[in-house]
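Inside the fold
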Amino acid sequence: MTQAEFVVVANRLPVDRVVGAEGDDGWRRSPGGLVTALEPVMRASEGAWVGWAGKPDLELEPFEFDGTFLVPVRLSAQDVEQYYEGMSNDTFWPLYHDVIAAPRYRRVWWDAYVRVNRRFAEAAAEVAAEGATVWVQDYQLQLVPKMLRELRPDLVIGYFHHIPFPAHGLYSQLPWRRQVLEGLLGADVIGFQRVADAGNFARAVRRQLRYQTKASGISVPLGDGSYRNALAKAFPISIDAESYVELARRPEVQRRAREIREGLGNPKRILLGVDRLDYTKGIRHRLKAFGELLQDGRLTVEDVTLVQVASPSRERVESYMQLRDEIELTVGRINGDFDTTDHTAIRYLHQAYPREEMVALFLAADVMLVTALRDGMNLVAKEYVATRTDNRGVLVLSEFAGAADELPSALLINPHDIDGMKDQIIRAIEMPPAEQGRRMRSLRKKVIESDVAQWSRSFLAALDAAKHRHTAVGGDRQTEGATAPEAS
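Bear in mind the structure is a predicted one, so any value in this text is a computation, not a measurement.

Structural notes on unusual backbone geometry
- Positive phi values are uncommon outside glycine, yet Asp66 reaches one of about 55 degrees.
- Take Asp66: it is sitting in the loop between β5 (63–65) and β6 (68–72).

As structure tokens, then:
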């Protein structure tokens, strides 16, 4: 098998399986910022990507695709049900998003999670060259760093956590809290979206494991009187901003944006929400605020339309099925109360769209509503900003999304404060062009300068520094008698 100097380990491979018109199978590159960010690194290093192909019980040999060596990990239908739908999405996801929905703790799910994480770790250990760099992605694989270090202590290991990490009072509910922390601390660099997430992780380590922590790292005991330094810090993820700018400048995309406005009856203002159908996104709160603005007479359907794109998500999970029913009932009630024969209050679209259509929607929208109750980053906010080459439009952004740390020129809201959200929506609708321009220029400067390539460079630079420590005399190991990091 190919021995790669750089290995990415993620739940999914960076390709989607497609079936041609004549029934022949093939592959196409998946859309998404992570794939875009890592593609140049993978090509330059002849890297390997370990992940699941997206369908249960699919037996595939490793293969090369577009300059990247892909190593499929097989998951059975039971693995998908227990490790992915169960432990990952019905335990970790709600727990890490502040228990907006109740997490379920099932031992059979945990056993599957351990089993599948070990399978990923073994696949990565097999494909990695001596002294290679391995970058593990996200909450589905939190045990992989430690497992990988035990299998291959020569490796430099990074881990990035794409979702929030909860405060210790919530995290401590997890029956396997110590095992997860120990799993993550197998990495040399542990990245988070926000400074607050890295702080929550460090506090959990202090409370649960009693390890010493400070800004320069966490002291991980090695059992022989020495310790290893693990760096835990924020590396906010971003988007491939230039690709959105390029799409926004295409005449056909601009033409489509005008068609969207005309199809909605050319209202004075279009509000837009774009989310996965997920209880963390605050869609119910957004609809409640909009419905009350219509009820109060502060908005009319002749002047303002809300377009809500809610792409399907985890449709076999009970809480998501309930959420869809509730949202569609709310949309139907508001439209029934306020629609006219010529105008619709809410245009609700429960489907996914290609990127070109999304950019056209961004260009058509006067106000972007991001009302997440909890979000690691929320890249939709950054996508909207990147497309607004006219320096117009207003971003209304939840302070509980990671993007709020980087985009303070947005109108920040607390989505639980319905009256406050209503006032900010009105402010966005009525904002003068000069103020829109001032705010949008500031937002665009940040998004374009801090793009996804810069994110990957900064994380890989931290991993490179860890690699130098590995190869230095004495490596990363310090004796207990040395000056260990103080607890903070």
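Here's the deal with the pattern of salt bridges
- Following the criterion strictly, the structure yields 36 salt bridges and no others.
- Two residues, Asp16 and Arg12, come together in a salt bridge whose shortest N-O distance is 3.5 Å.
- Taking the shortest distance from any N to any O, the salt bridge between Arg324 and Glu328 comes out at 2.7 Å. Taken together, the residues span about one helical turn, with Arg324 and Glu328 both in helix α11 (residues 318–338) at a distance of four residues.
- According to the relative accessible area criterion, Arg324 is partly exposed, its value standing at 30%.
- A residue is classified by how much of its surface remains accessible, and Glu328, at 31% relative accessible area, is partly exposed.
- Among the charged side chains, a salt-bridge network with shared partners connects Lys288, Glu292, Asp296, Asp419 and Lys422.

A look at the nonpolar core
- Residues Val50, Phe120, Leu185 and Phe201 are the most contacted members of the largest nonpolar core, which totals 101 residues.
- Considering each element in turn, this core owes the most residues, eleven residues, to helix α3 (residues 107–127).
- Residues contacting Val50, with those up to four places away along its chain left out, are Val7, Val8, Val9, Ala10, Leu13, Val71, Val73, Phe120, Ala123, Ala124 and Val127.
- Counting 70 residues, the second largest nonpolar core, distinct from the first, contains Val253, Val309, Ala365 and Leu460.

Observations concerning empty space enclosed by the protein
- All chains considered together, the criterion is met by three cavities of 30 Å³ or more.
- Within this model, the largest cavity holds a volume of roughly 40 Å³.
- Among the elements that make up the lining of the largest cavity, the one with the highest residue count is helix α10 (residues 283–296) (three residues).
- Here the lining of the largest cavity is composed, by residue class, of five nonpolar, two polar and three charged.

Here's the deal with the sheet that holds strand β16 (residues 367–370)
- Strand order in the open sheet formed by six strands is β15-β14-β13-β16-β17-β18, with parallel pairing between adjacent strands. At either margin of the open sheet sits one strand with a lone partner, and together these are β15 (346–349) and β18 (411–413). Strand-to-strand twist in this sheet, taken as the mean axis angle between neighbours without regard to direction, amounts to 20 degrees.
- Direction of pairing for β16 relative to strand β17 (residues 394–398): parallel, over a ladder of four bridges. The residue of β17 that forms the bridge with Met368 is Leu395.
- The strands that α10 touches are β13 (269–276), β14 (304–311), β15 and β16; relative to β13, the one it contacts most, it runs at about 160 degrees.

Considering the packing of aromatic side chains
- Enumeration according to the criterion identifies 21 aromatic pairs in this entry.
- Here Trp52 and Tyr84 contribute two aromatic rings whose centre-to-centre distance is 6.1 Å and whose plane-to-plane angle is 55 degrees, an arrangement assigned as tilted. Note that Trp52 is positioned in strand β4 (residues 48–52) and Tyr84 in helix α2 (residues 77–96), a separation of 32 residues in sequence.
- Considering the side-chain rings of Phe160 and Trp455, the 5.1 Å spacing of their centres and the 75 degrees angle between planes classify their relative orientation as edge-to-face.

Considerations on the pairing of strand β8 (residues 156–160)
- Within β8, five of the five residues are buried, which leaves it mostly tucked inside the rest of the structure.
- By the bridge criterion, five bridges tie strand β7 (residues 128–137) to β8 in an arrangement that is parallel. Across the sheet, residue Trp135 finds its bridge partner in β8, namely Gly158.
- Handedness of the crossover joining β7 and β8 through helix α4 (residues 144–151) is recorded here as right-handed.
- Two elements, β8 and strand β9 (residues 189–192), share three bridges in a ladder whose sense is parallel. For Tyr159, the partnering residue across the bridge sits in β9 and is Ile190.

Points about the pairing of β6
- In terms of burial, β6 is largely enclosed, as five of its five residues are buried.
- Across the two faces of β6 the burial is the same, with Thr68, Leu70 and Pro72 and Phe69 and Val71 all buried.
- Bridging between β4 and β6 involves four bridges; their strand directions are parallel. Directly across from Val50, in β6, lies its bridge partner Val71.

Digging into the environment of Gln193
- Looking at where Gln193 falls in the secondary structure, it is placed in the loop between β9 and α7 (195–209).
- Classification of Gln193 by relative accessible area gives buried; the value is 3%.
- With residues near it in sequence (within four places) discarded, Gln193 still touches Phe160, His161, His162, Ala234, Phe235, Pro236, Ile237, Gly376 and Met377.
- At 3.0 Å, the side chain of Gln193 and the backbone oxygen of His162 are in polar contact.
- There is a polar contact of 3.1 Å between the side chain of Gln193 and the backbone nitrogen of Ile237.

Overview of the confidence of the model for the protein chain
- Across the protein chain, the average pLDDT comes to 92, with 94% of residues at or above 70.
- In this model residues 479–488 is a low-confidence stretch, pLDDT under 50, and it forms 23 contacts with partners more than four residues away in sequence or in other chains.

Looking at the packing of α2 against α3
- α3 packs onto α2 with a crossing angle of 110 degrees between their chain directions and a minimal axis gap of 8 Å. It follows that α2 is roughly perpendicular to α3 by the angle criterion. Contacts between α2 and α3 involve Gln78, Asp79, Gln82, Tyr83, Gly86, Met87, Ser88, Asp90, Thr91 and Phe92 from the former and Val108, Trp109, Trp110, Ala112, Tyr113, Arg115, Val116, Asn117, Arg119 and Phe120 from the latter.
- Grouping the amino acids of the contact of α2 with α3 by side-chain chemistry returns ten nonpolar, six polar and four charged.

Some remarks on the side chain of Arg149
- For Arg149, the location among the structural elements is in helix α4.
- Only 2.5 Å separates the side chain of Arg149 from the backbone oxygen of Gly186, close enough to count as a polar contact.

Calculation criteria
- Residues numbered from 1 in each chain as written.
- Predicted model: local features only at pLDDT ≥ 70, side-chain atom pairs only at ≥ 80, totals over all residues.
- Heavy atoms only, no water.
- Helix = DSSP H or I, 4+ residues; strand = E, 2+ residues; numbered from the N terminus.
- Salt bridge = Lys/Arg side-chain N within 4 Å of Asp/Glu carboxyl O.
- Buried < 20%, exposed > 50% of the residue type's maximum accessible area, 1.4 Å probe, protein only.
- Core = buried A, V, L, I, M, F, W, Y, C linked by side-chain atoms within 4.5 Å.
- Contact = heavy atoms within 4.5 Å.
- 1 Å grid on protein atoms, 1.4 Å probe; cavity = no way out; pocket = protein on both sides within 12 Å on 5 of 7 lines; lining within 4 Å.
- Points joined across faces, edges and corners; volume = space filled by probe spheres on them.
- Nonpolar A, V, L, I, M, F, W, Y, C, P; charged D, E, K, R; others polar.
- Pairing = 2+ DSSP bridges.
- Axes fitted to C-alpha atoms, helices over the stretch in contact; angles between N-to-C directions.
- Phe/Tyr/Trp six-rings, centres within 6.5 Å; stacked < 30°, edge-to-face > 60°.
- Right-handed = clockwise from strand over helix to strand, strands pointing away.
- Polar contact = N/O pair within 3.5 Å; in protein donor to acceptor, adjacent residues only side chain to side chain.
- pLDDT = per-residue confidence, 0-100.
- Parallel < 35°, antiparallel > 145°, perpendicular 65-115°, else oblique.

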